[in-house]
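# A closer look at the structure
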Amino acid sequence: MNAPQPSDDPQKTGHDAGSEIPNGAAAAAILSAAAGCFCIGLFGLLGDALPALARCFNFYNPTGPLSGVTTSAIVVWLALWSILSRTWGDKSLPMGKINASSFLLLGVGLLLSFPPFGDFLQGK
Amino acid sequence: MTALHGMGCGGLLLLGFSGALIELYRICAPGRFSLLNEFERKLLRLYLIAMAVLAWGTVLSGAYIVYPWYRARPPAGVTDYAPYPQQTLLATPATAGWHNLGMEWKEHVAWFAPIALTMAAYVVAKYGSDLRRHRHVREAVLAFMVAAFMVSVMAGTLGALINKKAPVQGGAVINFMGGTK
């Protein structure tokens, strides 16, 4: 008898359970990437709104607060990726929910990084 | 150096998106992923890794080499702002928006691209042919690639337009032609 072949039928692959490689590692990478993008928007907004925080973000003087905003977001992204990979690496997760959360974080991050929206939130 | 940042890394990255998006769209269509053979999968993996490297090269050279030249403050008493692009733009209300909206947006949102591309390269490298079983993962990778493409186009376009209004003049002067004899 032939061994069952993996199917590419969306009806059968809509949920990712039962795969050879669990989707946990991908879920960790996707959600942490979205969180990293969100942090860039959030830290940029906070640095703009709070001069004291902007001075803290000034990691490299020629680049200014941008150096701290991006470096901090990258640290959050990589730390979260590492933690989620260890937690989720061998699990199968509901990717629909992970994707929805990731797209939300990405969208909000994009919105926060848009200067007119940041000015609106700050009441400028 | 500005040309290397914008046209070398950034330009190549934007060109690379067309191939990556088409290939990822192909594998996202139902029943298509298994059509890629081992060589094509390996090629896609290398292609995405190269794009991630280019994206990191673009944002790092932009933030740590070009941006310091852009935001340099003129010494006291200097009235010619030409070598100081940020000051040139902020000097008149008609051009201030290029910095307050254009550069302020570009300098942050451009960083979305290397993060998204690193994730995409990792997922494709990690899962390989097993991606055929993960429709939602393929869709997420494609969506992040589209987002990375959009922010790269926006950042690249704003960078080119800002540099046209107030060119960054940092770094050594390179003369390709002999000039006066």
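The following refers to the structure shown. Since we're looking at a predicted model, the values are computed, not measured.

### Examining the overall build of chain B
- Within chain B, the secondary structure is distributed over six helices and zero strands.
- For chain B, the sequential pattern of α-helices and β-strands runs α-α-α-α-α-α.
- Rg of the C-alpha trace for chain B: 20 Å, well past the compact-globule value of 16 Å for 181 residues, more than 25% over.
- Judged by the C-alpha coordinates and their principal axes, chain B covers about 65 × 40 × 20 Å.
- Taken over 181 residues, chain B has a buried fraction of 43%.
- Here the contacts in chain B between residues at least 6 apart in sequence split such that 80% fall between residues at least 24 apart.

### What to know about the environment of G64(A)
- Considering the arrangement of structural elements, one finds G64(A) in the loop between α3 (51–56) and α4 (65–88).
- In this structure G64(A) comes out as buried when scored by C-beta crowding, with 20 C-beta atoms within 10 Å.
- A sequence separation of 10 residues divides G64(A) from A54(A), and the C-alpha atoms of the two residues are 8.4 Å apart.
- Not counting the four nearest positions on each side in its chain, G64(A) is found in contact with N58(A) and R71(B).

### Quick word on the packing of helix α1 (residues 2–28) of chain B against helix α2 (residues 38–70) of chain B
All names here are of chain B.
- Two numbers describe how α1 lies on α2: the axes approach to 9 Å, and their chain directions differ by 150 degrees. Classified by the interaxial angle, the pair formed by α1 and α2 is roughly antiparallel. Crossing of α1 against α2: the hand is left-handed. Within the contact between the two elements, α1 uses T2, L4, H5, C9, G10, L12, L13, G16, G19, A20 and E23 and α2 uses L44, Y47, L48, M51, L54, A55, G57, T58, S61, G62, I65 and V66.
- Looking at the contact of α1 with α2, its residues break down into 13 nonpolar, nine polar and one charged.

### Considerations on the interface of chain B and chain A
- Chain B puts 37 residues into the contact, and the matching count from chain A is 40 residues.
- Residue assignment for the side of chain B that touches chain A shows that the elements contributing at least two residues are α2, α4 (93–109), α5 (112–127) and α6 (135–165) of chain B.

### Re α1(B)
Residues and elements named next belong to chain B.
- End to end, α1 covers 37 Å across 27 residues, agreeing with the expected 39 Å (1.5 Å per residue, within 8%).
- Of all the bends in α1, the greatest, near 30 degrees, is centred on G10.
- Regarding α1, the residues found buried are T2, H5, G6, C9, G10, L13, A20, L24 and I27.
- Elements that come into contact with the buried residues of α1 comprise α2 and α6.

### What to know about the nonpolar core
- Counting 81 residues, the largest nonpolar core has F112(B), A116(B) and A120(B) as the members making the most contacts within it.
- Broken down by secondary-structure element, the contributors of at least two residues to this core are α2 (24–49), α4 and α5 (95–112) of chain A together with α1, α2, α4, α5 and α6 of chain B.
- The greatest single-element share of this core, amounting to 17 residues, is contributed by α2(A).
- Dropping the residues within four chain positions of it, A116(B) is found in contact with A33(A), F144(B), M145(B), A147(B) and A148(B).

### Some words on the environment of D119(A)
Residues and elements named next belong to chain A.
- Looking at the element boundaries, D119 is found in helix α6 (residues 115–121).
- D119 sits in the partly exposed class, given 16 other C-beta atoms within 10 Å.
- Along the sequence, D119 and D48 sit 71 residues apart, while their C-alpha atoms lie 9.0 Å from each other.

### Quick look at the packing of α2(A) against α4(A)
All names here are of chain A.
- Where α2 contacts α4, the two axes come as close as 8 Å, and the packing angle between them is 155 degrees. Relative to α4, the element α2 lies roughly antiparallel. Relative to α4, the crossing made by α2 is right-handed.

Cut-offs applied
- Residue positions are given per chain, counted from 1 along the sequence in the order it is written.
- Working convention: letters from A go to chains and numbers from 1 go to ligands, in the order in which they are written.
- Residue-level local features of this predicted model are given only where pLDDT is at least 70; pairs of side-chain atoms are given and counted only at 80 or more, and the full residue set underlies all totals for whole chains, interfaces and linings.
- Only DSSP runs of H or I reaching four residues or more are called helices, and only runs of E reaching two or more are called strands; each is numbered from the N terminus.
- Values of the radius of gyration come from C-alpha atoms, whereas the globule rule sets the reference at 2.2 Å times the count of residues to the power 0.38.
- To sort residues by burial, count the other C-beta atoms lying within 10 Å of each one's C-beta; a count of 20 or more means buried, 12 or fewer means exposed, and anything in between means partly exposed. C-beta atoms are built from the backbone.
- It is the C-beta atoms, placed from the backbone, that decide contacts: two residues are in contact if theirs lie within 7 Å.
- Where helices are involved, their axes are fitted lines through C-alpha atoms of the stretch in contact, as for all axes, and angles between N-to-C directions lie from 0 to 180°.
- What sets the label is the angle itself: under 35 degrees gives roughly parallel, over 145 gives roughly antiparallel, 65 to 115 gives roughly perpendicular, and the rest give oblique.
- Left-handed describes a crossing whose near helix is turned anticlockwise from the far helix by less than a right angle; the clockwise case is right-handed.
- When residue character is reported, Ala, Val, Leu, Ile, Met, Phe, Trp, Tyr, Cys and Pro are called nonpolar, Asp, Glu, Lys and Arg charged, and the others, Gly included, polar.
- Each helix should span, by expectation, one fewer than its residue count multiplied by 1.5 Å.
- The angle separating two fitted axes, one through the seven residues that finish at a residue and one through the seven that start at it, defines the bend at that residue.
- Connectivity within a nonpolar core runs through C-beta atoms within 7 Å, and the core itself is a set of buried Ala, Val, Leu, Ile, Met, Phe, Trp, Tyr and Cys residues.

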